[in-house]
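Residues per chain, in single letters:
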Amino acid sequence: VIAFEPDSLGTLECLVPSRRDDRLRALGYGLKRLSKLPKATVYVEAGASDWMSPSLAASRLRAVGVARVRGFMLNATHMTTTAANIAHGRAISRLTGGKHFIVNTSHNGNGPLYSAGHTVWCNPPNAAAGARPTTRTAHPKVDAYMWVERPGYSNGSCNGGPLPVGAWWERRAIQMVERAAWWRR
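Procedures and definitions
- Residues numbered from 1 in each chain as written.
- Predicted model: local features only at pLDDT ≥ 70, side-chain atom pairs only at ≥ 80, totals over all residues.
- Heavy atoms only, no water.
- Helix = DSSP H or I, 4+ residues; strand = E, 2+ residues; numbered from the N terminus.
- Rg over C-alpha atoms; globule rule 2.2 N^0.38 Å.
- Buried < 20%, exposed > 50% of the residue type's maximum accessible area, 1.4 Å probe, protein only.
- Contact = heavy atoms within 4.5 Å.
- Lys, Arg positive; Asp, Glu negative; His and termini not counted.
- Charge placed at Lys NZ, Arg CZ, Asp CG, Glu CD.
- Disulfide = S-S within 2.5 Å.
- Axes fitted to C-alpha atoms, helices over the stretch in contact; angles between N-to-C directions.
- Parallel < 35°, antiparallel > 145°, perpendicular 65-115°, else oblique.
- Left-handed = near helix turned anticlockwise from the far one by under 90°.
- Patch = residues over 30% accessible without salt bridge, like charges linked within 9 Å, V, L, I, M, F, W, Y side chains within 5 Å.
- Areas by Shrake-Rupley, 256 points an atom, 1.4 Å probe, with all protein chains shown as cover.
- Salt bridge = Lys/Arg side-chain N within 4 Å of Asp/Glu carboxyl O.
- Pairing = 2+ DSSP bridges.
- Core = buried A, V, L, I, M, F, W, Y, C linked by side-chain atoms within 4.5 Å.
- Arc of directions from axis to C-beta.

So what's going on with the overall build of the chain? Residues and values would help.
Across its full length, the chain holds four helices and seven strands. Mapped in sequence order, the helices and strands of the chain form the string β-α-β-α-β-α-β-β-β-β-α. In terms of overall size, the chain behaves like a compact globule, its C-alpha atoms giving a radius of gyration of 16 Å where 185 residues would be expected to give roughly 16 Å. By principal-axis analysis of the C-alpha atoms, the chain measures approximately 45 × 40 × 30 Å. For the chain, with 185 residues in total, the buried portion stands at 44%. For the chain, restricting intrachain contacts to residue pairs at least 6 apart in sequence, the fraction spanning at least 24 positions comes to 67%. The centroid of the 24 positive side-chain charges in the chain is displaced by 8 Å from the centroid of its 11 negative side-chain charges.

Right, here's the structure in full:
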């Protein structure tokens, strides 16, 4: 299973307009190559329920050739709830010919934390691991809940996190699992 390019379509606006088509072509090339791997199941990034509208996500997915692969992934770097992402993903699926999708649940167990009207994305102190990875989702278009990221990796020095971004943070990993709804207390 390949979770292709987390944050790639959602961060397209971070590029100057003259580079956006190049980025879409590069992603399309990657999907074309990966789709030829006989044992690969590929899902391309499509943001999260609090990021792009279903129509924008579907448009970008079609632009990079989502038709070539199994489907798309949601919530790779966000903490929005699984339920919100399922509803969002179903809308995107309808706009992409019924594509299947996966939802990252590695750190959405408590949902997002808001402060002053903005999402605290950098090591929010309430973060919890979400649903454990499984293919038993009870939703025909949702192939799996997966941990695309693992609980316990730092988003940077904010809220007590270690540098560099992506550094292992054992104490946080333990806290996130202990806060998980499925953890045996």
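Structure shown, so let's carry the discussion forward.
Please provide a residue-by-residue account of the environment of C158, values included.
Here C158 is to be found in the loop between β7 (142-146) and α4 (170-179). Excluding residues that lie within four positions of it along the chain, C158 makes contacts with C122 and N123.

Before we move on, could you go through the state of the cysteines and cite the residues and values that matter?
By definition, a disulfide links the sulfur atoms of two cysteines through a covalent bond. For the coordinates displayed, the defined rule picks out one disulfide. The disulfide partner of C122 is C158, and the S-S distance across this bridge is 1.5 Å. Taking the torsion about the sulfur-sulfur bond, which here is approximately -65°, the covalent link between C122 and C158 counts as left-handed. With C122 in the loop between β6 (118-119) and β7 and C158 in the loop between β7 and α4, the pair connects residues that are 36 residues apart, well separated along the chain.

Help me get a handle on the packing of helix α2 (residues 54-64) against helix α3 (residues 82-95), residues and values and all.
Viewed as axis vectors pointing N to C, α2 and α3 meet at an angle of 50°, and their least axial separation amounts to 9 Å. One element, α2, and the other, α3, form an angle in the oblique class. Where α2 crosses over α3, the two elements pack in a sense that is right-handed. From α2, P54, S55, A57, A58, L61 and R62 reach across to α3, where they touch H88, A91, I92 and L95.

Mind laying out a positive patch on the surface, listing which residues take part and the relevant values?
Together, K32, R33, K36 and R68 make up a positively charged patch on the protein surface. Residue placement: R68 occurs in the loop between α2 and β3 (71-74). On the basis of relative accessibility, which here comes to 47%, the residue R68 falls in the partly exposed class.

Which residues make up the sheet that holds strand β2 (residues 42-45), and what values do they have?
As summarised here, the arrangement of the five strands in space is β1-β2-β3-β4-β7, forming an open sheet in which the pairing is parallel. Looking at which strands have only one partner, the edges of the open sheet turn out to be β1 (2-4) and β7. Sheet twist, expressed as the mean angle between neighbouring strand axes with direction ignored, is 30°. As defined by bridge partners, β2 adjoins β3 across three bridges and the pair is classed as parallel. Residue V44 lies in a different strand from β3, and its bridge partner there is F72.

Outline the nonpolar core, supporting the account with residue identities and numerical values.
Counting residues in each nonpolar core, the largest one holds 25 residues, and the members touching the most others are F4, L9, L31, V44, L61, F72 and I92. Of all the secondary-structure elements, those providing two or more residues to this core are α1 (17-34), β2, α2, β3, α3, β4 (100-104) and β7. Apart from the residues within four sequence positions on either side, I92 is in contact with A46, P54, A57, A58, L61, F72 and L74.

Before we move on, can you summarise α2 with the specific residues and values?
Every buried residue of α2 is listed here: A57, A58, R60, L61 and V64. The buried residues of α2 occupy an angular sector of 165° when the element is viewed end-on, so they sit on one face. Where α2 ends, the next residue or the one after it, G65, has phi of about 90°, a positive value.

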